[in-house]
Amino acid sequence: LPKLFIFDLDGVITDTAEFHFLAWQKLAEKIGVSIDREFNEQLKGISRMESLERIIALDPSLSLSDEEKESLATDKNEYYKQLIESIGSENTLPGIEELLKDIKASNVQIALGSASKNAQMVLDKLGLTTYFDYVVDAAKVAKGKPDPETFTTAADALGISYENCIGVEDAAAGVQAINGANMFSVGVGSEEYLANANYIVSDTLKLDFNQIIKEYTVWKK
Ligand code: G6P
Ligand code: MG
């Protein structure tokens, strides 16, 4: 068995990836830029400031001061916080809590590996905090995804070697981070974006504990 599962939050445990998108869309509109879901794929897993930079870069005529950028990032976070205000346990994606239970029942540890400053709050709202042995959020890492630091920080904190870890991600940048840490990567979503994952499932309902362990065991050999 592996010793640790490290889960991304937004888009894996809950559909807050959609709320991040809606909040960025509203913010982009405000500065006269339009973004679609395809562009949004490259914002998934990326920090708030870096996401803003990528949106600003869509219009080369935009020139914003650091202060203006800070203020726009704050606006986006306010939009986002409004959207997640009323989420609760019903917003945990299908199959996730069962998977967390199966992992715990096998005495394997669980960590969160999120780039979000709102991660702990979201986990609390979902009522899932007690499943997690360790939480890595934006405050704990210097280099965000696709750098492996988010995932290695969780493993290091729990004293587990990387090849005994499984990372679960919905973002291309996240899969790259897991692979870069030499951990087994599970991608949740479309092959189009997650082709580099060691194992891909189309949605969270297909995240079956025994199947993941089988794939992991083959990979480890
Ligand atoms: C996650 C999401 C991104 C989001 C980032 C920062 O990685 O996938 O869409 O931009 O966290 O979230 P925050 O809540 O700190 O703005
Ligand atoms: Mg995600």
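(A) Representation of the overall build of the protein chain within the structure. Of regular secondary structure, the protein chain possesses 10 helices and six strands. Here the C-alpha atoms of the protein chain give a radius of gyration of 17 Å, agreeing with the 17 Å that 2.2 N^0.38 yields for 221 residues. With 221 residues in all, the protein chain has 49% of them scored as buried. With an accessible surface of roughly 10300 Å², the protein chain has 47% of that area assigned to carbon and sulfur atoms. Taking the average place of the 21 positive charges on the side chains of the protein chain and the average place of its 36 negative ones, the gap between the two points comes to 4 Å.

(B) Focus on helix α7 (residues 149-158). What α7 keeps buried is the set Thr 150, Phe 151, Thr 152, Thr 153, Ala 154 and Ala 155. Trailing α7 by a residue or two, Gly 159 shows a phi angle of about 70°, which is positive.

(C) Broad picture of the site of ligand 1. Near ligand 1 lie 13 residues; those nearest to it are Ile 46, Arg 48, Ser 116, Lys 117 and Asn 118. One nitrogen or oxygen atom from the main chain of Lys 117 is found 2.7 Å from an oxygen atom belonging to ligand 1. In the environment of ligand 1, an oxygen atom lies 2.7 Å from a nitrogen or oxygen atom belonging to the side chain of Asn 118. When ligand 1 sits alone it has 390 Å² of accessible area, and the protein chains cover 97% of it.

(D) Representation of helix α3 (residues 48-56). Restricting attention to buried positions, one finds in α3 the residues Ser 51, Leu 52, Ile 55 and Ile 56. One side of α3 holds all its buried residues, which, seen down the axis, span an arc of 135°. Contact partners of the buried residues in α3: α1 (16-30), α2 (37-40) and α4 (66-84).

Conventions we followed
Within each chain, residue numbers correspond to sequence positions counted from 1 in written order. By the order in which they are written, chains take letters starting at A while ligands take numbers starting at 1. Under the rules for a predicted model, residues below a pLDDT of 70 receive no local features and side-chain atom pairs below 80 are neither given nor counted, while totals for whole chains, interfaces and linings still include all residues. With hydrogens and water stripped out, all remaining heavy atoms of the structure feed into the side-chain values. For the purposes of this entry, the term helix denotes a DSSP run of H or I that reaches at least four residues, the term strand denotes a run of E that reaches at least two, and both are numbered from the N terminus. Put simply, the radius of gyration uses C-alpha atoms, and a globule should come to 2.2 Å times the residue count raised to 0.38. Per-residue accessibility, obtained with a 1.4 Å probe over protein chains only, is compared with the maximum for each type, and a residue is labelled buried under 20%, exposed over 50%, and partly exposed between these values. Computed by Shrake-Rupley with a 1.4 Å probe, the accessible areas treat only the displayed protein chains as cover when residues are assessed. Only four residue types enter the charge count: Lys and Arg as positive, Asp and Glu as negative, with His and the chain ends excluded. A charged residue contributes its charge at one atom only: NZ of Lys, CZ of Arg, CG of Asp or CD of Glu. One heavy atom within 4 Å of a molecule or strand is enough for the residue carrying it to be called near that molecule or strand. Pairs of N or O atoms within 3.5 Å make up the polar contacts considered here, provided that, within protein, one atom can donate a hydrogen while the other can accept it, and that residues adjacent in sequence are counted only when both atoms are side-chain atoms. The directions considered for the arc are those from the helix axis to the C-beta atoms. Pairs of residues are marked as contacts when any of their non-hydrogen atoms sit within 4.5 Å.

Worth remembering: the numbers are spatial, not functional.
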